Amino acid sequence: PQVEAGHPQVLTVHSITLALEVMNLSSSPHIKIGFNSLCAYASVNHLHWHLYYQHHHLPVQTLPLSPAPGTPYYTFTDQAYPALGWVWLLREDEMDRMDLMVREVIKLTSWLTDKDV
């Protein structure tokens, strides 16, 4: 890493793709992945990914979803969760579309970062 460059902690196409590819190597339905919140600005060059196995479902995994009009993602339905969230669904048989999904994630996360959300 280029520590002197002082890169902020933000998602990149490369990091999202790599994280999803690593996650896809597992055949376990219990694998989960997360990224430390955007704009958290932890240490420089520190892409704070979490990859772990957890046998119980997280509450957000079973929330009802609604398509977000004009976008390829979903949001939680009718304030089913106290925080706003965006969801992309990528089924196992759609892995060839992963690059399209990653670009859509980057569009949203870049906008959020630019707006300091």
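Note that the structure is a prediction, hence the values are computed from the model and not measured. (Residues numbered from 1 in each chain as written. Predicted model: local features only at pLDDT ≥ 70, side-chain atom pairs only at ≥ 80, totals over all residues. Heavy atoms only, no water.)

### Some points on the sheet that holds strand β3 (residues 65-67)
Worth spelling out the cut-off: When DSSP locates at least two bridges between a pair of strands, those strands are taken to pair. Every helix listed is a DSSP run of H or I at least four residues long, and every strand listed is a run of E at least two residues long, numbered separately from the N terminus.
Taking strand neighbours across the sheet as the criterion, the three strands line up as β3-β4-β5 in an open arrangement whose pairing is antiparallel. Across the chains shown, the open sheet's two edge strands, defined by having one partner strand only, are β3 and β5 (86-87). By the bridge criterion, three bridges tie β3 to strand β4 (residues 74-76) in an arrangement that is antiparallel. If you follow S66 over to β4, its bridge partner there is T75.

### So, the layout of surface pockets
The line we're drawing: Lining residues are those with an atom within 4 Å of a point, where the points come from a 1 Å grid over the protein atoms alone and group into cavities, where a 1.4 Å probe fits but cannot get out, or pockets, open sets with protein on both sides within 12 Å along at least five of seven lines. Grid points are joined across faces, edges and corners, and a volume is the space filled by probe spheres set on the points. Ten residue types, Ala, Val, Leu, Ile, Met, Phe, Trp, Tyr, Cys and Pro, are classed as nonpolar, four, Asp, Glu, Lys and Arg, as charged, and the remainder, Gly among them, as polar.
For the largest pocket, the calculated volume is near 1900 Å³. Every residue lining the largest pocket is counted, 47 residues in all, and those nearest its centre are I33, G34, W86, V87 and W88. Broken down by class, the residue content of the lining of the largest pocket amounts to 29 nonpolar, 15 polar and three charged. Estimates place the volume of the second largest pocket at around 170 Å³. Lining the second largest pocket we find P72, Y74, W88, L89, L90, R91, E94, R97, L100, M101 and E104. A total of three residues in the lining of the second largest pocket trace back to one element, the largest contributor, which is helix α2 (residues 98-114). Residues of the lining of the second largest pocket, tallied by class, amount to seven nonpolar, no polar and four charged.

### Points about the side chain of Q54
Note the following rule: Here the term buried applies to any residue with accessible area under 20% of the maximum for its type, exposed to any over 50%, and partly exposed to those in between, with areas from a 1.4 Å probe on protein chains only. Residues adjacent in sequence count toward polar contacts only when both atoms are side-chain atoms; beyond that, a polar contact is any pair of N or O atoms within 3.5 Å, and within protein one must be able to donate a hydrogen and the other to accept it. Contacts are assigned to residue pairs with any non-hydrogen atoms lying within 4.5 Å of each other.
As for its placement among the helices and strands, Q54 is situated in the loop between β2 (49-53) and β3. Assessed through its relative accessible area of 18%, Q54 is described here as buried. A polar contact of 3.4 Å, which involves the side chain of Q54, links it to the side chain of H56. In this view, Q54 contacts H30 and K32; residues no more than four positions away in its chain are not counted.

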